[in-house]
Amino acid sequence: MAKIVLKNKIKSRHQLANPFSGDNRHERMIKNGTVDLRENLITEDFGNGYVRLLPIDKNKRLK
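Along each chain, residues carry numbers from 1 onward, in the same order as the chain's sequence is written. For this predicted model, a pLDDT threshold of at least 70 governs which residues receive local features, and a threshold of 80 or more governs which side-chain atom pairs are given and counted, while totals over whole chains, interfaces and linings are taken from all residues. Side-chain descriptors were evaluated using all non-hydrogen atoms of the structure, hydrogens and water having been removed beforehand.

Novice: In this structure, what is going on with the overall build of the protein? I would like to understand it.
Specialist: Strands here mean DSSP runs of E at least two residues long; helices mean DSSP runs of H or I at least four residues long; both are numbered from the N terminus. For the protein, the helix and strand inventory stands at two helices and two strands. Between the two quantities, the radius of gyration covers C-alpha atoms and the globule rule is 2.2 Å times the number of residues to the power 0.38. Relative to the globule expectation of 11 Å for 63 residues, the C-alpha radius of gyration of the protein, 21 Å, shows a markedly less compact shape. Principal-axis analysis of the C-alpha atoms gives the protein an extent of 70 × 30 × 10 Å. The burial tally for the protein puts 5% of its 63 residues in the buried class. By definition in these notes, contact holds between two residues if any of their heavy atoms fall within 4.5 Å. Across the protein, every contact between residues at least 6 apart in sequence was considered, and the portion connecting residues at least 24 apart equals 33%. Exposure is judged per residue with a 1.4 Å probe applied to protein chains only, and the accessible area is read against the type maximum: over 50% gives exposed, under 20% gives buried, and values in between give partly exposed.

Below you can see the structure in the form of structure tokens.
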């Protein structure tokens, strides 16, 4: 019979504040299924300093 030892590793304040610190931003965006806006967007200018970015093809996802 194997002996199983479990340790309670205490997380630092930095790890508690940012649980995604182990992943980079690109990996998180792929997991989320984010729409790829590279050469796939239309900019809609409201004329008051605000701009809306709309995707042309909503099914184009990051790889």
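Past the structure itself, the notes keep going.
Novice: Would you explain a nonpolar patch on the surface in this entry?
Specialist: Patch members must show over 30% relative accessible area and no salt bridge, and they are joined within 9 Å when carrying like charges or within 5 Å when they are nonpolar side chains of Val, Leu, Ile, Met, Phe, Trp or Tyr. Values of accessible area rely on a 1.4 Å probe in the Shrake-Rupley scheme; residue burial ignores everything except the protein chains shown. Here, a salt bridge means any Lys or Arg side-chain nitrogen found within 4 Å of an Asp or Glu carboxyl oxygen. A cluster of nonpolar residues, Leu37, Leu41, Val51 and Leu53, forms a patch on the protein surface that exposes about 320 Å² of accessible area. For Leu37, the position within the fold is in the loop between helix H2 (25–32) and strand E1 (41–45).

Novice: What's the story with the pairing of E1 in this structure? I'm lost.
Specialist: Two faces, one strand: in a regular strand the side chains alternate between the faces of the sheet. Where E1 meets strand E2 (residues 51–55), five bridges bridge the pair, whose relative direction is antiparallel. For Leu41, the partnering residue across the bridge sits in E2 and is Pro55. Strands pair, by our definition, only if DSSP identifies at least two bridges between them.

Novice: Help me understand unusual backbone geometry, please; the structure alone is not making it clear to me.
Specialist: Backbone phi values are negative for most residues with the exception of glycine, while trans is the configuration of most peptide bonds. Backbone geometry at Glu39 places phi at a positive 55 degrees, although glycine is not the residue there. Locating Glu39 in the fold gives a position in the loop between H2 and E1.

Novice: Even after reading the chapter, I still don't get the pattern of salt bridges, so can you show me in this structure?
Specialist: Pairing between side chains of opposite charge can happen when the charged atoms of each approach one another. According to the stated counting rule, one finds two salt bridges in the structure shown. For Arg38, the salt bridge identified is with Asp36, shortest N-O distance 3.0 Å. What makes Asp36 buried here is its relative accessible area of 8%. For Arg52, the salt bridge goes to Glu44, with nearest N and O atoms at 3.6 Å. Classification of Glu44 by relative accessible area gives partly exposed; the value is 30%.

Novice: Would you explain the side chain of Asn40 in this entry?
Specialist: Relative to the helices and strands, Asn40 resides in the loop between H2 and E1. Taking relative accessible area as the criterion, Asn40 reaches 4% and is therefore assigned buried. Setting aside anything within four residues of it in sequence, one finds Asn40 in contact with Val35, Leu54, Pro55, Ile56, Asp57 and Lys60.

Without other data, these values stay purely geometric and don't point to any function.
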